[in-house]
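Analysis of the macromolecular model
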Amino acid sequence: MANPLYDTLFAPHEASDAPFLHLADGSSISRRAFLSTAAQMANAMVSAGIAAGDRVAVHVQKSPEALALYAACVKAGVIFLPLNIAYTPPELDYFVGDSGAALFVCDPGELSEMEPIAKAHGCKVLTLGSDGQGSFAQAAADQSEKFNAVDRTKDDLAAFLYTSGTTGRSKGAMLTQENLLSNARALVDAWQFTPDDVLLHALPIFHAHGLFVASNVSLMAGGSMIFLPKFDPDTVIATLPKATVMMGVPTFYTRLLDDPRFTRQLTAHMRLFVSGSAPLLAETHERFQARTGHRILERYGMTETSMNTSNPYDAERRAGTVGFPLPGVEVRVCAPETHTELPQGEIGVLHVRGPNVFVGYWNMPEKTREELLPDGYFITGDLARIDADGYVHIVGRGKDLIISGGYNIYPKEIELFLDDQPGVSESAVIGAPHPDFGESVVAVLVPEAGVTVDLDAIEATARRELAGFKRPRKFEIVDALPRNTMGKVQKNELRKTFEKAFSQ
Ligand code: MCA
Ligand code: AMP
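Below: a short report on this structure.

1. What about the site of ligand 2?
Lining the immediate environment of ligand 2, one finds 16 residues, of which Arg299, Thr303, Asp382, Lys399 and Asn408 sit closest. Backbone polar atom of arginine 299 to a nitrogen atom of ligand 2: 2.7 Å apart, as the coordinates give it. Contact distances for ligand 2 include 2.7 Å between an oxygen atom and a side-chain N or O atom of asparagine 408. Broken down by element, the shell around ligand 2 gets its largest block of residues, five residues, from strand 13 (residues 297–302). Grouping the amino acids of the shell around ligand 2 by side-chain chemistry returns six nonpolar, five polar and five charged.

See below:
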């Protein structure tokens, strides 16, 4: 009888009254209370007819109960499918349909919009609000606090995380218990987490960063978390004195550096600041050290792999690099077409292999074969170089991807949307440097002959159909897109032309 992920991350804490989550209002939730809620939720799912291997799609605000739902899914052997709270109904319709979710847990405020989506896909719908209330919470409150963890093997699926793709269709990355466990183990070790650690958690919990890197590592180490609903500089600065570690995307750190209250004195007691999900500018690294005396530890990962590389805890944290492969993870730099390894020091596509690498994309065997090679290496699509000391440098992206404030945006998806808008003949979407988000979205539009494009109307439609972080923040009208002799749009040209789109 075993459930490796539950047995390792959660079971050891079941009888502990020590605090697990410290909330912004000063209250806390014990490990025992958190896991009792999770057991009740597992019972509620079973009562609703949800069985091991089913998918539960979750579109809720961050809350202790939302995290308990993750624990409940692990305990019940159900596949947890968290969805960005910014997704709009048309986007959610795709995820619920594609995943074949058996249960959709959404925010009470959006129930009327979500019911038809769930109904169309033959999926049950229940609600869970940011205050922990809702029909799912009610169903759980009546249940027993005892639930025997459902047997699983380490190769059983634990989660689906959807990641957008270059074709515009999001892909469900299937992650096993072992993917998550091996990564948490490697990170606890690499970053020297202990039960005394208090992690300041201001990340969303619908992506690998906040859910797996932050929460699983804390759980495995037996530490606790200051669990904030979102990143808000005032609350972060107010609660930082009680933390030992903070994890964030680069935007967190640039926003903190813009705040005069973020001082050397405020951070003197901190053990570690970790950054990832997007490139941390060397300049931010240096500014951070000058202000606080701490060197941010930058690491590199992906939804499909969790974390692959990390700067060292005890040795030089080299700005502009993502450090060394984690124990058990292999990396190689390869030629894009042939997948053959390049000599050390050359730039190529980074491949990774290890127990952290996902098992494939849900219902997309061809996509899986394209990206997961027969020898077990996964093609990340990131361009990298490994220096003479073994530090990995991410020098660019082979894939057409924009990362805004740590969220990935695939231009193709936005271009398909824009091409459908009245008066638009064709479009190209690029990322331009942005002072707050690192990069942000610029839409370059070619109008149909003799037509004036109604940008207000396009913006209004985008608001309804696209998650906020994906919406173009600048529109540029051109007569024609630059193309090479093969007819391919030259995005590099466009990036050069519009590189100052967001400079003040
Ligand atoms: C919010 N907005 C954004 C973004 N976030 N626009 C562009 N990029 C963004 N990232 C827009 C909203 O649509 C809204 O627009 C306005 O900003 C205010 O929304 P709000 O939620 O209040 O924004 P915020 O609090 O300022 O959020 C910025 C943020 C947040 C704190 C940086 O985006 C964030 O928490 N990012 C973390 C992402 C993350 O965890 N990534 C990990 C992916 P309007 O007003 O027009 O409606 S996992 C991953 O990448 C791998 C595995 C890895 O390596 O970690
Ligand atoms: P996601 O699909 O959301 O998991 O995003 C993964 C992508 O984020 C990677 O393929 C990289 O392009 C990027 N990324 C994550 N961490 C870093 C980092 N430290 N430096 C540069 N890019 C990063």
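2. Quick notes on the sheet that holds strand 24 (residues 438–447)
Strands sit in the order 23-24-25 across an open sheet of three strands; the sheet is mixed. At either margin of the open sheet sits one strand with a lone partner, and together these are strand 23 (424–434) and strand 25 (474–477). Strand-to-strand, the axes of this sheet are offset by a mean angle of 25°, without reference to chain direction. In terms of strand pairing, strand 23 meets strand 24 through ten bridges, oriented antiparallel. Looking across to strand 24, one finds that glycine 431 is bridged to valine 441. Each of strand 23, strand 24 and strand 25 touches helix 14 (residues 411–419); the most contacted strand, strand 23, lies at about 145° to it. In this fold helix 15 (residues 455–465) packs onto strand 23, strand 24 and strand 25, with an angle of close to 140° to the strand it touches most, strand 25.

3. Looking at the packing of aromatic side chains
Under the criterion given, the structure shown has 21 aromatic pairs. One aromatic cluster is present, formed by Tyr6, Phe10, Tyr70, Phe80 and Phe212 through successive ring pairs. In this arrangement the basic side chain of arginine 271 is found over the ring face of phenylalanine 193, its NZ or CZ atom lying 5.2 Å from the centre. Over the ring of tyrosine 313 we find arginine 317; its NZ or CZ atom is 5.4 Å from the centre of that ring.

4. Quick look at the site of ligand 1
What surrounds ligand 1 is a group of 27 residues, the closest being Arg255, Ser277, Arg299, Ser404 and Arg471. A distance of 2.5 Å separates a nitrogen atom of ligand 1 from a polar atom in the side chain of serine 404. Bound to the protein, ligand 1 loses 76% of the 1000 Å² it would expose on its own. Of all the secondary-structure elements, those providing two or more residues to the shell around ligand 1 are helix 8 (208–221), helix 10 (250–257) and strand 13. Residues of the shell around ligand 1, tallied by class, amount to eleven nonpolar, ten polar and six charged.

Scoring rules and cut-offs
- Residues numbered from 1 in each chain as written.
- Chains lettered and ligands numbered in written order.
- Predicted model: local features only at pLDDT ≥ 70, side-chain atom pairs only at ≥ 80, totals over all residues.
- Heavy atoms only, no water.
- Near = heavy atom within 4 Å.
- Polar contact = N/O pair within 3.5 Å; in protein donor to acceptor, adjacent residues only side chain to side chain.
- Helix = DSSP H or I, 4+ residues; strand = E, 2+ residues; numbered from the N terminus.
- Nonpolar A, V, L, I, M, F, W, Y, C, P; charged D, E, K, R; others polar.
- Pairing = 2+ DSSP bridges.
- Axes fitted to C-alpha atoms, helices over the stretch in contact; angles between N-to-C directions.
- Contact = heavy atoms within 4.5 Å.
- Phe/Tyr/Trp six-rings, centres within 6.5 Å; stacked < 30°, edge-to-face > 60°.
- Lys NZ or Arg CZ within 6 Å of the ring centre and 35° of its normal.
- Areas by Shrake-Rupley, 256 points an atom, 1.4 Å probe, with all protein chains shown as cover.

Distances and angles like these do not, on their own, reveal function.
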